[in-house]
Amino acid sequence: MLEKFERIKLGHFPTPIEHLKNISKYLGGPNIFIKRDDCTGLATGGNKTRKLEFLIPDAIKNKAELVVTVGAVQSNHARQTAAACTLMGLKCLIILEQRVKDPPEIYMNSGNVFLNKLYGADIKLCPKNENFLEYYEKIVEGLKSKGTNVYFIPGGGSNSIGALGYVECLNEIIKENNKYNFSHIIHATGSAGTQAGLLAGRKYFNCNIPVIGICIRYDKATQINKVYTEAKKTCEKLQCKVLDKSEVVVFDEYIGPGYGEPSEDMIEATNLLAKKEGILLDPVYSGKGFAGLIGLIKNKKFTKNDNVLFIHTGGAASLFAYEWVF
Ligand SMILES: Cc1ncc(COP(=O)(O)O)c(C=O)c1O
């Protein structure tokens, strides 16, 4: 069934799985492995490549004249969408929300914002005092009323089409799992498409590895609802058994002061990966995701012999906009 959905090649797959031997030793177990979805290729890589491999053909099928998407100022999804559109000859408009309270100028212009421009996307910045949903809906309606055929991609590319990318990611993991026998999969969860795809994949491929999401924006109850809603729709799309809500496992203790706001344990995790493994995390997603993994290890969530797979969902491009934090 998965093969029935149109897909275009935008990235380098399968992504490698590597053993974080220095960190595993430093933390005293479990064995931590990392799936390098930060190396998916498109626009410095990240989890959106997989989603866009399904979303962009849908835009083309719908004869889109303009792809519009939304996100925070340092959205990685925006950067990857801008690159995918350029590659496929589509125009791209990115509408950005100011979620971080008092960011320095570098946050507003460097990192992903700079790259969006380099890829040729148009950018609109929602003023801080305006309601973001109303702001971008008005723009989209305005474009449509002028006759532009708009293809709208929700924040993070998280709908049941984008989530198919992470059904495919689970397929890659399962294919290699006889070498590893993973006890858990863990990653940062935000707009929910990544975890929704992995959880739908568990049903589709009949796989029992638990998937843990580390919240980076919403509280536990909100995130569970978001993930469950998209995972259910994805199961329905794949015509497989629908998951039970109890299968959605998330932790919301690692958000810190808020979405995109630096936290002490994110800084610690990002420093640790850089200095012990030579791997770049990011301040908004994978840094908090890895901080969550360290926190759960400290709370004895895993045994010393567990083999835990951290999915590195990318995001290092925003490090340049967050240099002040480190
Ligand atoms: C680097 C990175 N990691 C993780 C996520 C979270 O993935 P999702 O939005 O599918 O929950 C995002 C989403 O924007 C991201 O950019």
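Worth saying up front: this structure is predicted, and the values here are computed from it rather than measured.

What counts and what doesn't
- Residue positions are counted from 1 within each chain, in the order its sequence is given.
- It should be noted that, the model being predicted, local features are given only for residues of pLDDT at least 70 and side-chain atom pairs only at 80 or more, the latter also being counted only at that level, while totals for whole chains, interfaces and linings use all residues.
- For two strands to pair, DSSP has to find at least two bridges joining them.
- Every helix listed is a DSSP run of H or I at least four residues long, and every strand listed is a run of E at least two residues long, numbered separately from the N terminus.
- Fitting a line to C-alpha atoms yields each axis, with helices limited to the stretch in contact; the angle taken between N-to-C directions then spans 0 to 180 degrees.
- For every residue pair, C-beta atoms are placed from the backbone, and the pair is scored as a contact if these atoms sit within 7 Å.
- For our purposes the nonpolar core covers buried Ala, Val, Leu, Ile, Met, Phe, Trp, Tyr and Cys residues that link as a set through C-beta atoms within 7 Å.
- With C-beta atoms placed from the backbone, a residue is buried if 20 or more other C-beta atoms are within 10 Å of its own, exposed if 12 or fewer are, and partly exposed between those counts.
- For each domain, the first and last residues come from an automatic or database assignment.
- Three classes are used: nonpolar for Ala, Val, Leu, Ile, Met, Phe, Trp, Tyr, Cys and Pro, charged for Asp, Glu, Lys and Arg, and polar for all others, with Gly counted as polar.
- Only the C-beta atom matters for nearness: placed from the backbone, it must lie within 6 Å of the molecule or strand for the residue to count as near.
- Between 65 and 115 degrees an angle is taken as roughly perpendicular, under 35 as roughly parallel, over 145 as roughly antiparallel, and anywhere else as oblique.
- The hand of a helix crossing depends on one turn: near helix anticlockwise from the far one by less than a right angle means left-handed, and clockwise means right-handed.
- Helix span, expected: 1.5 Å multiplied by one less than the number of residues in the helix.
- What the arc covers is the set of directions going from the helix axis to the C-beta atoms.
- By convention, orient the strands away from the viewer: a clockwise path from the first strand over the helix to the second makes the crossover right-handed.

**Student:** Please set out the sheet that holds strand S4 (residues 91–97) residue by residue, giving values where relevant.
**Tutor:** The four strands lie next to each other as S5-S4-S3-S6, forming an open sheet whose pairing is parallel. In this open sheet, the two strands that pair with only one neighbour each are strand S5 (122–125) and strand S6 (150–153). Adjacent strand axes in the sheet meet at a mean angle of 25°, parallel and antiparallel pairs treated alike. When strand S3 (residues 66–72) meets S6, the two strands line up parallel, connected through four bridges. Residue pairing across strands places Val67 opposite Tyr151, the latter belonging to S6. Each of S3, S4, S5 and S6 is contacted by helix H6 (residues 132–145), which is oriented at about 160° to S6, the strand it contacts most.

**Student:** Explain the nonpolar core to me, and be specific about the residues and the numbers.
**Tutor:** Residues Ala200, Val227 and Phe310 are the most contacted members of the largest nonpolar core, which totals 96 residues. Both domain 1 (2–46 + 160–325) and domain 2 (48–157) contribute no fewer than three residues apiece to this core. Beyond its immediate stretch of four places on either side in the chain, Phe310 contacts Ile32, Ile34, Ile186, His187, Phe290 and Leu293.

**Student:** Which residues make up the domain arrangement of the protein chain, and what values go with them?
**Tutor:** For the protein chain, the domain assignment lists domain 1 (2–46 + 160–325) and domain 2 (48–157). Sorting elements by how many residues they give to the side of domain 1 that touches domain 2 places helix H7 (residues 164–180) first, with five residues. Taken together, the residues that form the side of domain 1 that touches domain 2 break down as 16 nonpolar, 14 polar and six charged.

**Student:** Explain the site of the ligand residue by residue, including any values.
**Tutor:** Near the ligand you find 20 residues, and of these Gly156, Thr194, Tyr285, Thr313 and Gly315 are the closest. Those elements giving two or more residues to the shell around the ligand turn out to be helix H3 (76–88), strand S7 (184–189) and helix H8 (193–204). For the shell around the ligand, the element with the most residues is H8, which contributes three residues. Counting residues domain by domain, the shell around the ligand receives three or more from each of domain 1 (2–46 + 160–325) and domain 2 (48–157).

**Student:** Provide a residue-level description of the sheet that holds strand S1 (residues 17–19), including the pertinent values.
**Tutor:** The six strands are arranged S1-S2-S10-S7-S8-S9 in an open sheet whose pairing can be described as mixed. Whereas interior strands pair on both sides, the edge strands pair on one side only; in this sheet they are S1 and strand S9 (249–251). Adjacent strand axes in the sheet meet at a mean angle of 30°, parallel and antiparallel pairs treated alike. Bridge count between S7 and strand S10 (residues 307–311): three bridges; the pairing is parallel. By the bridge assignment for S10, Ile186 is matched with Phe310. Along the sheet, helix H11 (residues 286–298) makes contact with S7, strand S8 (211–215), S9 and S10, crossing S7 at roughly 140°.

**Student:** Could you give an account of the packing of helix H2 (residues 48–61) against H7, naming the residues involved and the relevant values?
**Tutor:** Where H2 meets H7, the axes come as close as 7 Å, and the angle between the chain directions of the two elements is 125°. One element, H2, and the other, H7, form an angle in the oblique class. Taken as a pair, H2 and H7 cross one another with a handedness that is right-handed. Counted together, Arg50, Lys51, Glu53 and Phe54 of H2 and Leu164, Gly165, Tyr166, Glu168 and Cys169 of H7 form the full contact between these two elements. By residue class, the composition of the contact of H2 with H7 is four nonpolar, one polar and four charged.

**Student:** An account of H6 is requested, with residue identities and associated values reported.
**Tutor:** With 14 residues, H6 should reach 20 Å at 1.5 Å per residue; the first-to-last C-alpha distance of 20 Å fits that figure. Of the residues one or two after H6, Gly147 is the one with positive phi, at around 95°.

**Student:** I'd love a proper account of helix H10 (residues 264–277), names of residues and values included.
**Tutor:** Along an α-helix, residues three or four apart share an orientation, since each turn contains 3.6 residues. In this model, H10 (14 residues) spans 20 Å end to end at C-alpha, consistent with the 20 Å of a helix rising 1.5 Å per residue. For H10, the set of buried residues is Met266, Ala269, Thr270, Leu272 and Leu273. Buried residues of H10 fall within an arc of 160° about the axis and therefore sit on the same side. The outward face of H10, more than 90 degrees from its buried face, is lined by the exposed residues Glu264 and Lys275. Among the structural elements, helix H1 (21–27) and H11 are those in contact with the buried residues of H10. A positive phi of about 70° marks Gly278, the residue just after H10.

**Student:** Can you tell me about the environment of Cys240, naming the residues and giving the values?
**Tutor:** Summarising the element assignment, Cys240 is placed in the loop between helix H9 (220–238) and S9. Spatially, the C-alpha atoms of Cys240 and Lys203 are 6.6 Å apart, while their sequence positions differ by 37 residues.

**Student:** Please set out the pairing of S8 residue by residue, giving values where relevant.
**Tutor:** Counting buried positions along S8 gives five out of five residues, so the element sits mostly inside the fold. Side-chain alternation along S8 places Val211, Gly213 and Cys215 on one buried face and Ile212 and Ile214 on a second face that is also buried. Two elements, S7 and S8, share five bridges in a ladder whose sense is parallel. Of the residues in S8, the one forming a bridge with Ile186 is Ile212. Between the parallel elements S7 and S8, the chain passes through H8 in a crossover that is right-handed. The pairing of S8 with S9 spans three bridges and is classified as parallel. Within S9, the position partnered with Gly213 by the bridge is Val250. With respect to chirality, the unit in which S8 leads through H9 into the neighbouring parallel S9 is right-handed.

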